[in-house]
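A look at the structure
Here are the chains, one letter per residue:
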Amino acid sequence: MAEILINGNKKLTGKISVQGAKNSVLPILAGTLLIKGECEIHNCPNISDVDASVKILEALGCKCSKQNDCVTVDASCVTDYKISEDLMREMRSSVMFLGAIIGRMGKAVISNPGGCELGPRPIDLHLLALQKMGVQITEEHGFLYCDVPNRLNGTEIHLSFPSVGATENIILAAVTASGTTVIHNAAKEPEISDLADFLNSAGAKICGCGSDTIYIEGVKNLHATSHSIIPDRIVAATYISAAAVTGSEIYLDNVMPSHMVSCLSLFKESGCDIVVCGKRLKVIPPKRLQRIPTVRSLVHPGFPTDAGPLMITMLSLADGTSIFVENIFENRFRYVGELNRLGANIKIQGKTAIIEGVPKLWGASCKCTDLRGGAAIVVAALAAEGQTVIGEISHILRGYDDIVGNLSSLGADIKII
Ligand code: UD1
């Protein structure tokens, strides 16, 4: 089993380019299923979740190829509508394929994605919306059988919570449905706008993304297109926090600062100076990081839950006590025990983390509990005195394109063993 080995407490310097966004590329790859033609998706990160998505597309009958950062998908001949249990297990986000398979084939069978490392992740909002559009859904032996007896119909949908995945699934189902779908209380994350930009470039009629009401006027057909994935704001936050905890000045290219307003303002509050020049950022750390009294994760444009582990890692080295309140996922603090192994002083009370800043962290043996928690441990280990060995790194590889190579190019003493 591969592990990451880090000899910490080294200054970083230099520049790296931020990869394309995992949370954009996955629904966009699902969206290629709706298009009878060859689509080119550029700026795709080289991560295992993309490989899993390509496997699903191929299992459904698509022809896929990958060259450098471009994934090509030809969905002219989709032959299947079932995602096997193995493929569903490989990636929870495969529920993202549901709306697209139904839109293309008029039926779908997937196993219920169930829980994951962040706690129970129900898909009731996805299913309620699809049912409202005319999908009949039955659940048997852990599988969801979805069938559209007539045509998918556009309708008004009010989400009781602005779920990212549900909003994307509704868009994917509605694009070729008959009539107009309106999503009220839709998610506003930038990755939703990226999905809409991709589909609109293929002939879809979607507007309102980025606001809480999205309109989708169904069209008969979509045509082949090419699209470039937006930069990954959570990966950018990961490298900013790596610079912050190691007291290093670094440059990041291929960043969309307008997607990161809440993140950037909190990095500034902790004492970091962030100089923005177009799509480039320069991170200038303070001598000692400052505490932030309270950080709350919220839906966009609030502070993203996925950047929580990175913020908590940074605050664990700050001067004073900070509070982090996790409002999106129930079970997001599993990595905290691992940070404490490195010398952090973090206590969890329900959905609140109380972070007493310490002056130093120390190398230890740790394991990843989830994707962003794993990245947080890497960041902490970069700052820690001595050696850290990190196990169960497959979590990290789901979402980070060559994190080891990138950090090593900045001067970190890091390798995969
Ligand atoms: C997406 C992101 C994930 C991010 C999250 C919140 C992808 C592939 N993943 O996940 O990285 O952390 O948004 O920004 O884009 N919920 C329900 N019922 C539902 C759907 C969601 O109760 O039908 C709840 C969830 O349990 C969770 C909250 O709503 O507590 C947010 O979930 P959601 O926005 O749907 O996140 P995902 O799409 O799963």
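Use the structure listed above.
Residues numbered from 1 in each chain as written. Predicted model: local features only at pLDDT ≥ 70, side-chain atom pairs only at ≥ 80, totals over all residues. Heavy atoms only, no water.

Looking now at the overall build of the protein. For the protein, the count of helices and strands is 14 helices and 25 strands. The C-alpha radius of gyration of the protein comes to 21 Å, within 12% of the 22 Å expected for a compact globule of 417 residues. Within the protein, the fraction of its 417 residues that count as buried is 57%. Long-range pairs, those at least 24 residues apart, make up 73% of the contacts in the protein between residues at least 6 apart in sequence. When the accessible surface of the protein is summed, it comes to about 15900 Å², and 49% of that surface belongs to carbon and sulfur atoms. (Helix = DSSP H or I, 4+ residues; strand = E, 2+ residues; numbered from the N terminus. Rg over C-alpha atoms; globule rule 2.2 N^0.38 Å. Buried < 20%, exposed > 50% of the residue type's maximum accessible area, 1.4 Å probe, protein only. Contact = heavy atoms within 4.5 Å. Areas by Shrake-Rupley, 256 points an atom, 1.4 Å probe, with all protein chains shown as cover.)

Let us look at the packing of helix H10 (residues 308-315) against helix H12 (residues 371-383). Where H10 meets H12, the axes come as close as 8 Å, and the angle between the chain directions of the two elements is 25 degrees. As the angle between them shows, H10 and H12 are arranged roughly parallel. The crossing of H10 and H12 is right-handed. Along its contact with H10, which presents Pro-309, Leu-310 and Thr-313, the element H12 presents Arg-372, Gly-373, Ala-375, Ala-376, Val-379 and Ala-380. In the contact of H10 with H12, the residues fall into 6 nonpolar, 2 polar and 1 charged. (Axes fitted to C-alpha atoms, helices over the stretch in contact; angles between N-to-C directions. Parallel < 35°, antiparallel > 145°, perpendicular 65-115°, else oblique. Left-handed = near helix turned anticlockwise from the far one by under 90°. Nonpolar A, V, L, I, M, F, W, Y, C, P; charged D, E, K, R; others polar.)

The subject of this paragraph is the environment of Ala-59. Along the chain, Ala-59 turns up in helix H2 (residues 48-59). With relative accessibility at 39%, the residue Ala-59 sits in the partly exposed group. For the pair Ala-59 and Val-78, spaced 19 residues apart in sequence, the C-alpha separation works out to 9.1 Å. Those residues in contact with Ala-59 that sit more than four places away from it in its chain are Asp-80 and Leu-87.

With that settled, consider H2. Counted at 1.5 Å a residue, the expected span for H2 with its 12 residues is 16 Å, and the 16 Å between its end C-alpha atoms agrees. Restricting attention to buried positions, one finds in H2 the residues Asp-49, Val-50, Ala-52, Ser-53, Val-54, Ile-56 and Leu-57. Phi for Gly-61, located one or two positions after H2, is positive at around 115 degrees. (Expected span 1.5 Å × (residues − 1).)

Let us look at the site of the ligand. Taken together, 19 residues lie near the ligand, and Asp-124, Leu-125, Ser-163, Asp-306 and Ile-328 sit nearest. Pro-122 places a polar main-chain atom, nitrogen or oxygen, 3.3 Å from an oxygen atom of the ligand. Asp-306 is positioned with one of its side-chain polar atoms (N or O) 2.6 Å from an oxygen atom of the ligand. Considering the ligand on its own, with 740 Å² of exposed area, one finds that the protein chains cover 85% of that surface. Every element with two or more residues in the shell around the ligand is listed here: helix H5 (124-132) and helix H6 (164-174). A total of 3 residues in the shell around the ligand trace back to one element, the largest contributor, which is H5. (Near = heavy atom within 4 Å. Polar contact = N/O pair within 3.5 Å; in protein donor to acceptor, adjacent residues only side chain to side chain.)

For the rest of this paragraph, the subject is the side chain of Asp-253. By secondary structure assignment, the location of Asp-253 is in strand S16 (residues 249-253). Within polar-contact distance, the side chain of Asp-253 engages the side chain of Arg-280 at 2.8 Å. Among all residues touching Asp-253, those that are not within four sequence positions of it are Lys-15, Ile-16, Ser-17, Val-18, Lys-279 and Arg-280.

What follows concerns the nonpolar core. Membership of the largest hydrophobic core comes to 76 residues, with the highest contact counts inside it found for Ile-171 and Leu-199. No other element matches H6, which puts 6 residues into this core. Once residues within four sequence positions are removed from consideration, Ile-171 is found in contact with Ile-183, Ile-192, Leu-195, Leu-199, Ile-206, Cys-209, Ile-214 and Ile-216. Within the second largest apolar cluster, 75 residues are counted, among which are Phe-267, Leu-289, Cys-366 and Leu-410. (Core = buried A, V, L, I, M, F, W, Y, C linked by side-chain atoms within 4.5 Å.)

Right, let's talk about the sheet that holds strand S17 (residues 273-277) for a bit. Within the open sheet, the 4 strands sit side by side as S2-S16-S18-S17. Their pairing is mixed. Because the sheet does not close on itself, it has two edges, and the strands there are strand S2 (13-17) and S17. Between one strand axis and the next, the sheet turns through 15 degrees on average, direction left out of account. As defined by bridge partners, S17 adjoins strand S18 (residues 280-284) across 5 bridges and the pair is classed as antiparallel. For Asp-273, the partnering residue across the bridge sits in S18 and is Ile-284. Helix H8 (residues 233-246) rests against S2, S16, S17 and S18 of the sheet, and its axis sits at about 170 degrees to S16. (Pairing = 2+ DSSP bridges.)

Inspection of the sheet shows strand S1 (residues 4-7) paired to strand S24 (residues 387-391) by 4 bridges, in the antiparallel sense. Bridge assignment links Leu-5 to a residue of S24, and that residue is Val-389. By the bridge criterion, 3 bridges tie strand S23 (residues 365-367) to S24 in an arrangement that is parallel. When the sheet's bridge partners are listed, Ser-365 is paired in S24 with Val-389. Considered for its hand, the β-α-β crossover made up of S23, H12 and S24 is right-handed. (Right-handed = clockwise from strand over helix to strand, strands pointing away.)

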